[in-house]
Amino acid sequence: MAEKPIWEQIGSGFVQHYYQQFDTDRVKLADLYTDASCLTWEGEGFQGKTAIMTKLSSLPFQSIQHSITAQDHHPTPDSCVMSMVMGQLKADQDQVMGFQQVFLLKNVDNKWVCTNDMFRLALHNFGA
């Protein structure tokens, strides 16, 4: 079997590391963002490492577990990696919910960081 392209190795390695940190100690996610990073969480925007970490630290659950069901990674023309993740999460005693998340990863000073992050729960309001 052929080795995965480098952008898939970078993307899948980042995804594994991100959700491991998210599930065990969200504070450690700060190392993955920069002061120029942007996060959209359920339609609400945050810019900069401090604002992003304030949001992630304030999420209203004590424990969470992510299960990744699919991920896709693409190289971009400016040497970044775009990653799309689909999966399920379970927070505290809540029901299991689906989610999607997109990351744009950039190599800054020989370290891959997340410059853009978009998250949505897979909730549908068909009655609206």
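A quick note: this is a predicted structure, and the numbers were derived from the prediction, not measured. (Residues numbered from 1 in each chain as written. Predicted model: local features only at pLDDT ≥ 70, side-chain atom pairs only at ≥ 80, totals over all residues. Heavy atoms only, no water.)

Let's talk about the side chain of T76
Phase 1 of the analysis: Mapped onto the elements, T76 comes out in the loop between β3 (64-75) and β4 (81-91).
Phase 2 of the analysis: The exposure class of T76 is buried, given its relative accessible area of 19%.
Phase 3 of the analysis: Engagement of the side chain of T76 in a polar contact is seen with the side chain of D78, the distance being 2.5 Å.
Phase 4 of the analysis: If sequence neighbours within four positions are ignored, T76 has contacts with V81, M82 and L104. (Helix = DSSP H or I, 4+ residues; strand = E, 2+ residues; numbered from the N terminus. Buried < 20%, exposed > 50% of the residue type's maximum accessible area, 1.4 Å probe, protein only. Polar contact = N/O pair within 3.5 Å; in protein donor to acceptor, adjacent residues only side chain to side chain. Contact = heavy atoms within 4.5 Å.)

So, the packing of aromatic side chains
Phase 1 of the analysis: Tallied over the full model, the rule gives 10 aromatic pairs.
Phase 2 of the analysis: Pairing Y18 with F22 gives two aromatic rings, centres 5.9 Å apart and planes at 45°, and the pair type is tilted. Residue Y18 and its partner F22 are located together in helix α1 (residues 6-24), separated by 4 residues, close to a single helical turn.
Phase 3 of the analysis: The class of F22 is buried, set by a relative accessible area of 3%.
Phase 4 of the analysis: An angle of 55° between the planes, with centres 5.7 Å apart, marks the rings of Y19 and F99 as tilted. Of this pair, Y19 sits in helix α1 while F99 sits in strand β5 (residues 97-108), placing them 80 residues apart in sequence.
Phase 5 of the analysis: The rings of F14, Y18, Y19, F22, W41, F99, F103 and F119 are connected pair by pair, giving a single aromatic cluster. (Phe/Tyr/Trp six-rings, centres within 6.5 Å; stacked < 30°, edge-to-face > 60°.)

So, helix α2 (residues 49-57)
Phase 1 of the analysis: Among the residues of α2, I52, M53, K55 and L56 are the ones counted as buried. Seen from one end, α2 has its buried residues packed into an arc of 160°, which puts them on one side.
Phase 2 of the analysis: Contacts from the buried residues of α2 go to α1, β1 (33-41) and β2 (44-47). (Arc of directions from axis to C-beta.)

Regarding the UniProt feature "domain: NTF2" (unreviewed entry) in the protein chain
Phase 1 of the analysis: The UniProt entry lists residues 10-121 under the feature "domain: NTF2" (unreviewed entry), expressed in the numbering used here.
Phase 2 of the analysis: With 21% helix and 53% strand, residues 10-121 has end C-alpha atoms that lie 24 Å from one another. (UniProt positions renumbered as here; feature names shortened; annotations may be inferred.)

A look at the side chain of S37
Phase 1 of the analysis: Considering the arrangement of structural elements, one finds S37 in strand β1.
Phase 2 of the analysis: S37 gets classed as buried once you look at its relative accessible area, which sits at 0%.
Phase 3 of the analysis: A polar contact is formed between the side chain of S37 and the backbone nitrogen of T34, at a distance of 2.8 Å.
Phase 4 of the analysis: If we ignore the near neighbours within four places in the chain, the residues touching S37 are F46, Q47, G48, I52, C114 and T115.

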